[in-house]
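# Per-entry structural report
Below are the chains, spelled out letter by letter.
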Amino acid sequence: MGEKRDSFGSKFGVLVALTGSAVGLGNMWRFPYLVGTNGGAAFIILYLICLLVISMPLMITEFVIGRRSQANVFGAFKTLSQGKKHGKVWGKIGFISVITALVILSFYSVVGGWTIDYVCQAIGFKFTQGVDYEQVFQYSSTSAVRPLVFTLIFLAITAIVVIMGIQKGIEKYTKVMMPMLFVMVIFLAVYSLTLKGAGEGIRFLFLPKWSEVTIQTVLEALGQSFFSLSIGCGTIITYASYVKKHENILTLSAETAFMDTLFALLAGMAIMPAVFAFGATPSEGPGLVFVIIPQIFSQLPMGGVLAILFFVVLFFAAVTSSISLLEVMVAYMIEERHLSRKASVAITMSLTLVLGVLCSLSLGVLGNVHLFGNSIFGFMDGLSANILMPLGGMLFVVFAGWKLSDKEYFDELTNGGSMHISPILLKVLRFLIRYTSPVVIILIMLVSLLK
Ligand code: PHE
């Protein structure tokens, strides 16, 4: 191996990096909007159930795989399947995650680019009353050159942090960005709650409307918990491989999931009351953040400053997630292809950029190119969320449940038996990953494919 293996320096560093990966655009716009269109608190309750029963066990499993192998996502399965039946085949499944990370990052960096564009426009105090925000969004997302430039800037920032390595790059910068993000989101939520008419937004968020719940709602809740926790695509495995052997990975998983949910709720409280106070529609989708929010800010006192704050928040959330996606590919290149960190970043970033450019252009100039009835952007989004992530997640749990022995699994969770974890909890966890998770994930995949 070309380099000595890096690791996170402190427990706090691990936690902010993991939270940084989990908290992203998924929390900031997707969660509030899904809550809005799927029965309010009913969705939140379903989301929490999915989180506890499927996503948390999967996350813990990724921790076990990553930390036990101390390797990139491909190397992890290669190492752990050695000497097992069909070990050669199982040893290759990590490659799917490298591809998944590439696919997600290609469209994620386009949206990340928009956030930088909006920060620049907000700093230029462009978001004033009377502006046609639909048109601003069209211009920022569908022009031929502008979004490409911002996608490149977004990827370059991601790359610079990743080049610096785990402790001196990822840990150091997420440690600064995440607490700032936290403070800013709380400020925005509190501010939003003081707006006249905010109560309706809160009622909308927190009153369960069970009549609106369908099987589709359950699917959305599960899918959201996958995407939001960054599971099923090797990011947790990769980050966990840099976690020291004495850390408690069970509590780390629980803390990450807790922080991720907290951020989603805070984002909901920052956005929904404002949306209702200004009579906008909550089911706006991507437009909710890029069209409605600047419009709302333009009508508020100090709105110009708030708009800068909001889009910086969105940028931070997006970039700490993209860093974790790039690291999946970079760790693979370093350890399996024996390249330097710099060369690995250069190659993976270039590949992502090519796909990112195609995704971006598919919203404008290449709008008539369709893949399975979708734009290239939509195709990448659907491919990762509906196929690659659930597939990855299912392979991970089946591998850990059926190829790793109880002893191996528990040994990693209890740090070689030096830590006490309730035997009942261990048994339940083992049952969930052996039976419940694979079955539910297959069902979800089937239903979402047949849709
Ligand atoms: N969890 C991130 C979000 O909520 C997205 C993400 C998915 C990041 C998969 C890394 C891996 O936006």
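That block above? That's the structure.
Reading guide: rules and limits
Counting from 1, residues in each chain are numbered in the order their sequence is written. Owing to the predicted nature of the model, reporting of local features is limited to residues with pLDDT of at least 70; listing and counting of side-chain atom pairs is limited to 80 or more, with chain, interface and lining totals taken over all residues. Water and hydrogen atoms were dropped before computing side-chain values, which therefore reflect all heavy atoms in the structure. Any residue with a non-hydrogen atom lying within 4 Å of a molecule or strand is treated as near it. A 3.5 Å cut-off defines polar contacts: any pair of N or O atoms within that distance qualifies, except that in protein one atom must be a possible hydrogen donor and the other a possible acceptor, and neighbouring residues in sequence count only when both atoms are side-chain atoms. A cavity here means a set of 1 Å grid points, computed over protein atoms only, where a 1.4 Å probe fits but cannot escape. A pocket is an open set with protein on both sides within 12 Å along at least 5 of 7 lines, and lining residues have an atom within 4 Å of a point. Pocket or cavity membership: a molecule qualifies when more than half of its atoms sit within 2 Å of the grid points of that site. Labels follow the DSSP assignment, with helices taken as runs of H or I lasting at least four residues and strands as runs of E lasting at least two, numbered in each case from the N terminus. Under this grouping Gly is polar, as are all residues other than the nonpolar Ala, Val, Leu, Ile, Met, Phe, Trp, Tyr, Cys and Pro and the charged Asp, Glu, Lys and Arg. We define a salt bridge as a contact between a side-chain nitrogen of Lys or Arg and a carboxyl oxygen of Asp or Glu at a distance within 4 Å. Per-residue accessibility, obtained with a 1.4 Å probe over protein chains only, is compared with the maximum for each type, and a residue is labelled buried under 20%, exposed over 50%, and partly exposed between these values. The span one expects for a helix is its residue count, reduced by one, times 1.5 Å. Note that the bend at a residue is defined as the angle between axes fitted to the seven residues ending at it and the seven residues starting at it. Grid points are joined across faces, edges and corners, and a volume is the space filled by probe spheres set on the points. Whether two residues touch is decided by their heavy atoms; if any such pair falls within 4.5 Å, the residues are in contact. Under the pairing criterion, centres of Phe, Tyr and Trp rings, with the six-membered ring standing for Trp, must be within 6.5 Å; the plane angle then separates stacked pairs below 30 degrees from edge-to-face pairs above 60, leaving the rest tilted. Only lysine NZ and arginine CZ atoms are considered, and such an atom sits over a ring when it is within 6 Å of the ring centre and within 35 degrees of the ring normal. Orientation is described by lines fitted to C-alpha atoms, with helices fitted over the stretch in contact, and by angles between N-to-C directions that extend from 0 to 180 degrees. Roughly parallel means an angle under 35 degrees; roughly antiparallel, over 145; roughly perpendicular, 65 to 115; everything else is oblique. Crossings are sorted by hand: turned counterclockwise from the far helix by less than a right angle, the near helix makes the crossing left-handed, and turned clockwise it makes it right-handed. Residues with no salt bridge and a relative accessible area higher than 30% make up the patches, which join like charges within 9 Å and nonpolar side chains (Val, Leu, Ile, Met, Phe, Trp, Tyr) within 5 Å. Methods summary: accessible areas were calculated by the Shrake-Rupley approach with a probe of 1.4 Å, and residue burial reflects only the protein chains presented.

Now for the site of the ligand. Surrounding the ligand, one finds 17 residues, the nearest of these being A22, G26, Y108, F227 and S230. The separation between a nitrogen atom of the ligand and a polar main-chain atom of S21 is 3.3 Å. Between F227 and the ligand, the recorded distance is 2.8 Å, taken from a backbone N or O atom to a nitrogen atom. With respect to the detected pockets, the ligand is housed in the largest cavity. Residue assignment for the shell around the ligand shows that the elements contributing at least two residues are helix 1 (11-22), helix 2 (25-37), helix 6 (94-123), helix 11 (215-229) and helix 15 (303-336). Among the residues forming the shell around the ligand, the class breakdown is eight nonpolar, nine polar and no charged.

Below, the discussion takes up the pattern of salt bridges. Per the counting criterion, the structure on display carries 12 salt bridges. Salt-bridge contacts for D411 lead to R68; the nearest nitrogen and oxygen are separated by 3.2 Å. Of the two residues, D411 is situated in helix 18 (residues 406-413) and R68 in helix 3 (residues 41-69); the sequence distance between them amounts to 343 residues. On the basis of relative accessibility, which here comes to 25%, the residue R68 falls in the partly exposed class. For the salt bridge of E327 with R341, the shortest nitrogen-to-oxygen distance reads 3.0 Å. Here E327, found in helix 15, pairs with R341, found in helix 16 (residues 341-361); they are 14 residues apart in sequence, far enough to count as distant. Ionic contacts of the salt-bridge type, sharing partners, join the residues R67, R68, K245, D411 and E412 into one network.

A separate point is helix 2. With 13 residues, helix 2 extends 17 Å between its outermost C-alpha atoms, agreeing within 8% with the 18 Å of an ideal straight helix rising 1.5 Å per residue. A maximum bend of about 30° is found in helix 2 at F31, where proline P32 lies one to four positions downstream. Where burial is concerned, most of helix 2 is hidden: 10 out of the 13 residues are buried. Two residues or fewer after helix 2 comes G39, characterised by a positive phi angle close to 90°.

Attention now moves to empty space enclosed by the protein. Taken as a whole and assessed by the stated rule, the structure comprises two cavities of 30 Å³ or more. A volume near 120 Å³ is recorded for the largest cavity. Along its surface, the largest cavity is lined by 16 residues, and S21, Y108, F227, S230 and L325 are the ones closest to its centre. With three residues, helix 15 is the largest single contributor of residues to the lining of the largest cavity.

Further remarks concern the layout of surface pockets. Estimates place the volume of the largest pocket at around 1,000 Å³. What lines the largest pocket is a set of 39 residues, and nearest its centre among them are R30, D381, G382, A385 and N386. For the lining of the largest pocket, the leading source of residues is helix 11, giving eight residues. Each residue belonging to the lining of the largest pocket can be placed in one class, and the counts come to 21 nonpolar, 14 polar and four charged.

So, about the environment of G201. Relative to the helices and strands, G201 is located in helix 10 (residues 198-206). The buried category is assigned to G201, whose relative accessible area is 0%. In the structure, G201 is positioned 43 residues away from T158 in sequence and 35 Å away in space, judged by C-alpha atoms. Not counting residues up to four positions away in its chain, the partners in contact with G201 are M272, P273 and F276.

Taken as a whole, this structure holds 34 aromatic pairs when the rule is applied. A cation sits over an aromatic face here: R30 above F227, 5.9 Å from the ring centre. Across the ring face of Y409, the terminal group of R430 is positioned such that the distance to the ring centre comes to 5.0 Å.

All right, on to the packing of helix 17 (residues 376-403) against helix 19 (residues 423-450) then. It is at 9 Å that the axes of helix 17 and helix 19 come closest, and there the two elements cross at 160°. On the basis of the axis angle, helix 17 is roughly antiparallel to helix 19. As for the relative orientation of helix 17 and helix 19, their crossing is left-handed in sense. Seen from helix 17, the contacting residues are N386, I387, P390, L391, G393, M394, V397, V398, A400, G401 and W402; seen from helix 19, they are R430, I433, R434, Y435, S437, P438, I441, I442, M445, S448 and L449. Each residue belonging to the contact of helix 17 with helix 19 can be placed in one class, and the counts come to 15 nonpolar, five polar and two charged.

There is a patch of nonpolar side chains on the surface, built from I45, I49, L52, V53 and W210 and spanning about 470 Å² of accessible area. Relative to the helices and strands, V53 resides in helix 3.

The N-to-C vectors of helix 3 and helix 4 (residues 73-80) enclose an angle of 80°; their axes lie 9 Å apart at closest approach. Relative to helix 4, the element helix 3 lies roughly perpendicular. Residues I65, R68 and S69 of helix 3 form the contact with helix 4, whose own contacting residues are A76, F77, T79 and L80.

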